[in-house]
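# Residue-level structural notes
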Amino acid sequence: MTTTQDDADWVRFTDDTGLPEPQAPLLPQSPWRVLVIDDDDDVHRATVFALDGVLLFDRPIAFLHAHSAAQAREVLLREDDVALVLLDVVMETPHAGLELVAFIRQTARKAATRVVLRTGQPGYAPEHDTMVRYDINDYTTKSELTHHKLLATVAAAVRSYDQICTIDAHRDGLALIARGTSTLLETTGLLPFAHGVIAQLAALLHMRPDDLVCAVQEADASPPRVLVATGAYAVCAGQTLAQLGHAPWHRLLADALQGRVSHHSGHEVVLEFGPPGGMAMAVYARTPKPLRDVDHSLLDVLSSNLRVCARHMALLNKLHADAYTDSLLKVPNRLSFMEDISAVLHRGQRDMAIALLDIDDFAAVNDLMGHAYGDQVLLALTHRLGEHLGPEVVLARVSSNAFGLLGQRHQVAPGRVQALLQAPLLIHGKPHRVSVTLGMADLDSSSSSGEDWLKNVSIALKQAKRNSRGSFEYFSAHLANEARSRAQLLAALHAAFDADRLYLAFQPQVDLASGALVGLEALMRWRTEDGRLVAPDQFIPVAEQSGLIVSLGDWVLQTACVVMRRLLERGTAPQRMAVNVSVVQFQSAGFLERVTQALSVAGLQGRHLELEITESVAMLGSGVVKPLLGQLRAMGVSVAIDDFGTGYSSLSYLEQLPLDRIKIDRAFVRQLEHSGGLRIAAMIAELGHTLGVRVLAEGIEHEASWAALRHMGVHEGQGFLIGKPMAEPELLHWLAAPPALPLAN
Ligand code: C2E
Ligand code: MG
Ligand code: MG
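Structural notes, computed from the coordinates.

The next point concerns the site of ligand 1. Taken together, 22 residues lie near ligand 1, and Gln 507, Asp 642, Arg 666, Glu 701 and Phe 720 sit nearest. Note that an oxygen atom of ligand 1 is positioned 2.8 Å from one of the backbone N or O atoms of Phe 720. In isolation ligand 1 offers 790 Å² of accessible surface; the protein chains occlude 87% of this area. Secondary-structure elements contributing two or more residues to the shell around ligand 1 are strand 21 (517-527), helix 15 (536-546) and strand 25 (638-644). Considering each element in turn, the shell around ligand 1 owes the most residues, four residues, to strand 21. Looking at the shell around ligand 1 residue by residue, the class counts come to eight nonpolar, five polar and nine charged.

Shown next, in the form of structure tokens:
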């Protein structure tokens, strides 16, 4: 390269003009460090003389000297940032110089340092491939190195060194940003994110993560505040910028947050990187060294990268919040509740308890008043509980109408919780009373999983509901065992149903005066694979709790209708076939349609079917029951109240229902020998007469009972004395040759 003084804009001599330097950098620029290696002192002197006072690209030159290869090795290992080595090829040995080049690249690991070889005699020029392999910039004879030629060579070398350093800084900076990005992308939560940003900025600026501040403004109206601050600024964490006075960095941060702009110059960096449309976030740092050009472009890359990460984090946080929060009530949801329980167990906190709070009859509130009203009830309840239980108790919504409470035992004690709901809630300014049933569990180390404890407390809640609404029950190992056997029984029942191991038995019902067969009651039977019969009293409640009773009941209804049809065709059928209907089945959607369908599939008229409902069905409420019974009656289907006298029917209410029959429970019939039993049976018979319905007595086992019932005016009867429940083949025999009945008295 040849350069004349005129086009050499890269070179200035400080003493050229003697004028003050208008463009002189305000900040002291570090010099280009040039290492001269030569065993000839004159060469050292001549080189320094030639380059003394020169500014290359605004930076002076500083010399390092080595007079032997050994000395050079020392210097190269010790010194950093060596821009150029001017190296004598021939020193102690003819190859000492070339060996040093290998040392520079491989041992001293100075890849960016430029190397210019110089030799006294021609003929020692290195091979071309050596020049390339060791990245040697130039080769000259010492005689060629005139003042200008030396300047041009040195200038080209430092420019090249500077470019390599810039590229390296870019590459390292970008690698750092890329690594930091993947870490930040995995971060959830504002605080860890802010810490991550500070660490990344510090690494990029080659400073320790001290004296950095990260601030946010979460919504336009909210005051900007310091999220994380390190080093001397650590005391500012959590404060609003307004509280921090008017120091220049407060202003810089406030401006960046407000204007959503980044700014970096000199020693100061403020990067704004809040996600578009989301909160504003900015980080401030004061660098020990002035920023280089490469720093500015890397900071630009960093800030746009941080913005992407912040957006990602905001989305993740929203997803997280959605996954852990109930959208209506804005309280933790089931998942969150389970994790909170696990965390309490993990921390080994003592005396903690959970409560599962179920709102009694909430489904009816929704049905009658509408879902919007139901939502208001939930909101008011959340408010009431949250307000009185305080922030120390976790209040979560764990299902549509159940809340979870987690706190110290005394804080979530059932008495305290129930007392909070003594006063009615206010819905649209009107009082609304709620009663709740509670499942309770004292947390201990028997399980460390929140999920298990939620199961346990649900078992307790179910038991409490079975006991009575508005009550509470504590979880115990005994309850867990019972629940486990119920679950096993249910699984076995499912399997038996699927494998057609259920069948029906039919029990005759007769007219007590004439002994004539008037009906049959279909009763479900389950014979297990090992031939054991499971009593309906055992499996029907389990089927009811699980809802399986709806399908079982449909099957009973269809099968009973088909059997009745067959009996009619044989000419041995009584007037009616009675089928038991559980409360769950009666309330299930489309019940009436399924009754109609069972009749039509079997080709049976409604008058051949009777449905036995319990008092609990009758008491569901006239709004539901009365129209349904009316429609059944319109189809000719008759309705009997089963097990009469064991429930809590309101007589005035019963009177309004279109009923055909009441069945005196067998418990009263069994006690006919005792005066109490007699009185009750007689009262029920009397009541039947008053209501104008037929009366049937269940469980007649003795002739004396038959006679007594008949004298009371009970119309019909059913019991082992007349006939046990029989499977279809046995029933056919029975019907063909009915046993003699005690009609004499
Ligand atoms: P339930 O409807 O009151 O049925 C009468 C029960 O009394 C039957 O018991 C029957 O075997 C029994 N029984 C009849 N006569 C006598 C007697 O003289 N002495 C004695 N000690 N018992 C007698 P089972 O079959 O064990 O049924 C028990 C209960 O299970 C039934 O009471 C009914 O509530 C329910 N159940 C049975 N089958 C069904 C069904 O298909 N659907 C529904 N929802 N419930 C059913
Ligand atoms: Mg019955
Ligand atoms: Mg009964």
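There's more to say after this.
Bound to the magnesium ion (ligand 3) are the protein donor atoms Asp 642 (OD), Asp 643 (OD), Glu 698 (OE) and Glu 698 (OE), situated 2.0 to 2.4 Å from the metal. The motif formed by the donor residues of the magnesium ion (ligand 3), counted along the single chain, is D-D-x54-E. A separation of 4.0 Å is found between the magnesium ion (ligand 3) and the magnesium ion (ligand 2), which share Asp 642 as a coordinating residue. Of this pair, Asp 642 sits in strand 25 while Glu 698 is found in the loop between strand 27 (694-697) and helix 24 (703-712), placing the two residues 56 residues apart along the sequence. The residues Asp 642 and Glu 698 share a single accessibility class, namely buried.

The subject of this paragraph is the sheet that holds strand 18 (residues 436-442). Here five strands make up an open sheet; going across it, the order is 14-15-13-18-19 and the pairing mixed. Bordering the open sheet on either side are strand 14 (394-399) and strand 19 (472-474), each of which pairs with just one other strand. Each strand axis lies, on average, 20° off the axis of its neighbour in the sheet, ignoring direction. The sheet contact formed by strand 18 and strand 19 spans three bridges and is parallel.

Here the structure, examined in full by the defined rule, presents 31 salt bridges. Between Arg 251 and Asp 255 there is a salt bridge, with its nearest N and O atoms 3.2 Å apart. Here the residue Arg 251 and the residue Asp 255 both occupy positions in helix 7 (residues 248-259), the gap between them amounting to four residues, near one helical turn. In this structure, Glu 716 and Arg 661 form a salt bridge, with 3.0 Å as the shortest nitrogen-oxygen distance.

This paragraph deals with the sheet that holds strand 12 (residues 280-286). Across the sheet, five strands lie side by side as 9-8-12-11-10; this open sheet has antiparallel pairing. In this open sheet, the two edge strands, each paired with only one partner strand, are strand 9 (225-229) and strand 10 (263-265). Averaged over all neighbouring strand pairs, the angle between strand axes comes to 20°, with direction disregarded. Judged from the four bridges that link them, strand 8 (residues 212-217) and strand 9 form a sheet pairing that is antiparallel. Opposite Cys 214, over in strand 9, you have Val 228 as the bridge partner. Across the sheet, helix 6 (residues 190-204) lies against strand 8, strand 9, strand 11 (268-272) and strand 12, angled at about 60° from strand 9, the strand it touches most. Each of strand 10, strand 11 and strand 12 is contacted by helix 8 (residues 293-324), which is oriented at about 30° to strand 11, the strand it contacts most.

For the rest of this paragraph, the subject is the coordination of the magnesium ion (ligand 2). Ideal geometry at a metal centre: 109.5 degrees between donors when four sit tetrahedrally, and 90 or 180 degrees when six sit octahedrally. Looking at the metal site, the magnesium ion (ligand 2) is ligated by Glu 521 (OE), Asn 580 (OD1), Glu 612 (OE) and Asp 642 (OD), spaced 2.0 to 2.3 Å from it. All donors of the magnesium ion (ligand 2) come from a single chain, and their spacing in sequence reads E-x58-N-x31-E-x29-D.

What follows deals with the packing of helix 15 against helix 16 (residues 548-570). Close contact between helix 15 and helix 16 brings their axes to 5 Å; oriented N to C, the two are set at 115°. The residues of helix 16 that touch helix 15, namely those facing Ile 540, Ala 543, Glu 544 and Ser 546, are Leu 548, Ile 549 and Leu 552. Class assignment for the residues of the contact of helix 15 with helix 16 results in five nonpolar, one polar and one charged.

Conventions adopted
- Residues numbered from 1 in each chain as written.
- Chains lettered and ligands numbered in written order.
- Predicted model: local features only at pLDDT ≥ 70, side-chain atom pairs only at ≥ 80, totals over all residues.
- Heavy atoms only, no water.
- Near = heavy atom within 4 Å.
- Polar contact = N/O pair within 3.5 Å; in protein donor to acceptor, adjacent residues only side chain to side chain.
- Areas by Shrake-Rupley, 256 points an atom, 1.4 Å probe, with all protein chains shown as cover.
- Helix = DSSP H or I, 4+ residues; strand = E, 2+ residues; numbered from the N terminus.
- Nonpolar A, V, L, I, M, F, W, Y, C, P; charged D, E, K, R; others polar.
- Donors = N, O, S within 2.8 Å, 3.2 Å for Na, K, Ca; no water.
- Buried < 20%, exposed > 50% of the residue type's maximum accessible area, 1.4 Å probe, protein only.
- Pairing = 2+ DSSP bridges.
- Axes fitted to C-alpha atoms, helices over the stretch in contact; angles between N-to-C directions.
- Salt bridge = Lys/Arg side-chain N within 4 Å of Asp/Glu carboxyl O.
- Contact = heavy atoms within 4.5 Å.

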